[in-house]
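# Residue-level structural notes
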Protein chains: 2
Amino acid sequence: MATSRPSAHHSSANGPSAHRASRSRRSSRPSGDEREAAILATAERLLAERPLAEISIEDLASGAGISRPTFYFYFSSKKDVLLSLLDRVAEEADRAIVPRPPSPIADPAAFWRDVLTAFLGAFGSHRAVTAAADAARASDPEIGALWSRLMTGWVDRDAAIIEAERAAGAAPDGPPARELATALSLMVERSMTALFADQEPALPREQLVETLLHVVLSAVYGTAA
Amino acid sequence: MATSRPSAHHSSANGPSAHRASRSRRSSRPSGDEREAAILATAERLLAERPLAEISIEDLASGAGISRPTFYFYFSSKKDVLLSLLDRVAEEADRAIVPRPPSPIADPAAFWRDVLTAFLGAFGSHRAVTAAADAARASDPEIGALWSRLMTGWVDRDAAIIEAERAAGAAPDGPPARELATALSLMVERSMTALFADQEPALPREQLVETLLHVVLSAVYGTAA
DNA sequence: GTAGATCTCGACACCGTGTCGACTGGAGTC
DNA sequence: GACTCCAGTCGACACGGTGTCGAGATCTAC
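Residues numbered from 1 in each chain as written. Chains lettered and ligands numbered in written order. Predicted model: local features only at pLDDT ≥ 70, side-chain atom pairs only at ≥ 80, totals over all residues. Heavy atoms only, no water.

## Some words on the pattern of salt bridges
Tallied over the full model, the rule gives 20 salt bridges over all chains. With a shortest N-O distance of 3.8 Å, Glu44(A) and Arg88(A) are connected by a salt bridge. Of the two residues, Glu44(A) sits in helix H1 (residues 32-47) while Arg88(A) sits in helix H4 (residues 78-95), which places them 44 residues apart along the sequence. Notably, a salt bridge pairs Arg50(A) with Glu49(A), separated by 3.5 Å at the nearest N-O pair. Connected through shared salt-bridge partners, Asp134(A), Arg137(A), Glu189(A) and Arg190(B) make up one network. (Salt bridge = Lys/Arg side-chain N within 4 Å of Asp/Glu carboxyl O. Helix = DSSP H or I, 4+ residues; strand = E, 2+ residues; numbered from the N terminus.)

In structure tokens, the structure reads:
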């Protein structure tokens, strides 16, 4: 049995072979980390051309300059590669998060516009990965779980903000904050995946933020700016 | 080359062998139509248990009491079966459509609640098919096209209603009606697929209609009832 | 220089798909 | 009541993708 390689998804620092990090000598064979990165890069490149189902492990391996069995040293399956890719996008998205201001929010339209724009930017810079993960979510429990974890984070946050706005008298009462935040988050999610996957009907990129903003402001504050 | 069987999707009456319809004699071998129906029934049953990717053609064939090659006499692939299934659901949904009232709508809350309920009812009675089609949509162009056709229909209709309401002075101006209808339709679509596929986060069935109704009314009329 | 971990791949077993060609049995001639 | 036509049926095959195993090369540390 070959040595198993953890192939780090699940956020935490890429630990697998960090001790090998500081080695600038050009070795005859590319290092393991370089190969892993090459597989991921190949995957993201190919995903921009065709769905995951039409990409074989042979494609990923040869794209990274290795043989098919060697692929399995780095990842246990195609799904695992997508999981890693999605994990990196998620990390990036977390970093792009807009800091939450105290309620009442001085300029709600500006604030929510920033939130929407940040969200769009984070996932929009990896359209292919987002679209592939969206496609895989329904049929793959692990992808689905990671996606759910992300979405639940946004929903929790939005629900807390809505509650704070209501408590501060800035927003009127309405449906329970959590349910309202869920409906709005699902709208945003779906609007973006439709755009990224070139599906119809979809909101054109130029109008996406303003249209969603109108719905959010109306639903939360009862008034569109 | 075996006789090709059209295996009627695309709405129109199930024409393939209608001439065989009026035959009550119990023949030693079930008729072709019965077999086709058996395959569809097996597919819908199995889809309630596991995703399409984990259902083999062998499963469908044996479930319908035929061998794998015989399956290909009736359908050209698994995807074809799902397409037929989705087509039937779409027909059912079209039949459940709420007639459009003249603007201004006397009781907008009641009207939009009916629309949402009808939508939920039509797809909710075939959760498994809806969830499977949702999953396949992103990776299969044909499923995607059929789904798009359906969604575009709803969006067109909703956009026309919003425009009429505005023209009648019942709803204030706002984002272009088509974009607003798109955002709201995507929200409704996603809320339902999340519910049907038991994904998180999702709106619980009991609160789904009222929450979505609040968002729709706020976004279209500027006021939640 | 040698021990142990890391990394590599040829060869294999397996499974699901889709096709081909031969067969079966009932329905419609005459 | 033999004949032929055709919808329907399936055994056997070819193929392509997945994942594993075991034998190796190569690097690192001491």
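That covers the picture; the talk isn't over yet.
## What to know about the relation of the copies chain B and chain A
Taken as rigid bodies, chain B and chain A are interconverted by a rotation of 180° and an axial shift of 0.0 Å, the fit giving an RMSD of 0.0 Å. Taken together, the rotation angle and the small translation identify this as a two-fold axis. When each C-alpha of chain B is compared by its distance to the rotation axis, Met187(B) comes out closest, at 2.0 Å. Comparing contact sets, 100% of the residues at the interface of chain B also lie at the interface in chain A, consistent with an isologous, same-surface contact. (Least-squares fit on C-alpha atoms with pLDDT ≥ 70 in both. Contact = heavy atoms within 4.5 Å.)

## Focus: the interface of chain B and chain A
Counting residues at the interface gives 36 residues for chain B and 36 residues for chain A. For the chain B face of the interface with chain A, the top three residues by lost area are Leu186(B), Arg190(B) and Pro201(B), together amounting to 20%. Linking chain B with chain A are 2 salt bridges. Between Glu189(B) and Arg190(A) there is a salt bridge, with its nearest N and O atoms 2.6 Å apart. On the surface where chain B and chain A come into contact, there are 6 residue pairs in polar contact (both at pLDDT 80 or more). Element by element, the count of residues in the side of chain B that touches chain A is highest for helix H8 (residues 177-196) of chain B, at 11 residues. Of the residues that constitute the side of chain B that touches chain A, the class distribution is 20 nonpolar, 11 polar and 5 charged. (Buried area = accessible area lost by both parts, 1.4 Å probe. Polar contact = N/O pair within 3.5 Å; in protein donor to acceptor, adjacent residues only side chain to side chain. Nonpolar A, V, L, I, M, F, W, Y, C, P; charged D, E, K, R; others polar.)

## Observations concerning the packing of aromatic side chains
Applying the stated criterion across every chain, the model contains 12 aromatic pairs over all chains. Taking 6.0 Å as the distance between ring centres and 35° as the angle between the ring planes, the aromatic pair formed by Phe71(B) and Phe75(B) counts as tilted. Like Phe71(B), the residue Phe75(B) is buried in the burial classification. Through a chain of ring-to-ring contacts, the aromatic side chains of Phe71(A), Tyr72(A) and Phe75(A) assemble into a single cluster. Arg137(A) extends its terminal NZ or CZ atom over the ring of Trp147(A), reaching a point 5.0 Å from the ring centre. (Phe/Tyr/Trp six-rings, centres within 6.5 Å; stacked < 30°, edge-to-face > 60°. Buried < 20%, exposed > 50% of the residue type's maximum accessible area, 1.4 Å probe, protein only. Lys NZ or Arg CZ within 6 Å of the ring centre and 35° of its normal.)

## So, the confidence of the model for chain A
In this model, chain A carries an average pLDDT of 89, and 86% of its residues clear a pLDDT of 70 or more. Across residues 7-27 of chain A, confidence stays below pLDDT 50; counting only partners more than four residues off in sequence or on other chains, it has 25 contacts. (pLDDT = per-residue confidence, 0-100.)

## Concerning unusual backbone geometry
It is generally the case that most residues other than glycine have a negative phi and that most peptide bonds are trans. Following Glu200(A), the chain continues to Pro201(A) via a peptide bond in cis, the omega torsion being -5°. You can see Pro201(A) is positioned in the loop between helix H8 (177-196) and helix H9 (205-221). A cis amide bond links Ser103(B) with the next residue in sequence, Pro104(B), at an omega value of -5°. You can see Pro104(B) is positioned in the loop between helix H4 (78-95) and helix H5 (108-124). The backbone phi angle of Asp198(A) is positive, close to 50°, even though this residue is not glycine. Using a relative accessible area of 65% as the deciding quantity, one classes Asp198(A) as exposed.

## Describing the nonpolar core
One finds Phe123(A) and Phe123(B) to be the most contacted residues of the largest nonpolar core, which totals 145 residues. Sequence-distant contacts of Phe123(A), that is, excluding residues within four places in its chain, are made with Val89(A), Ala93(A), Thr130(A), Leu150(A), Trp154(A), Met192(A) and Phe196(A). (Core = buried A, V, L, I, M, F, W, Y, C linked by side-chain atoms within 4.5 Å.)

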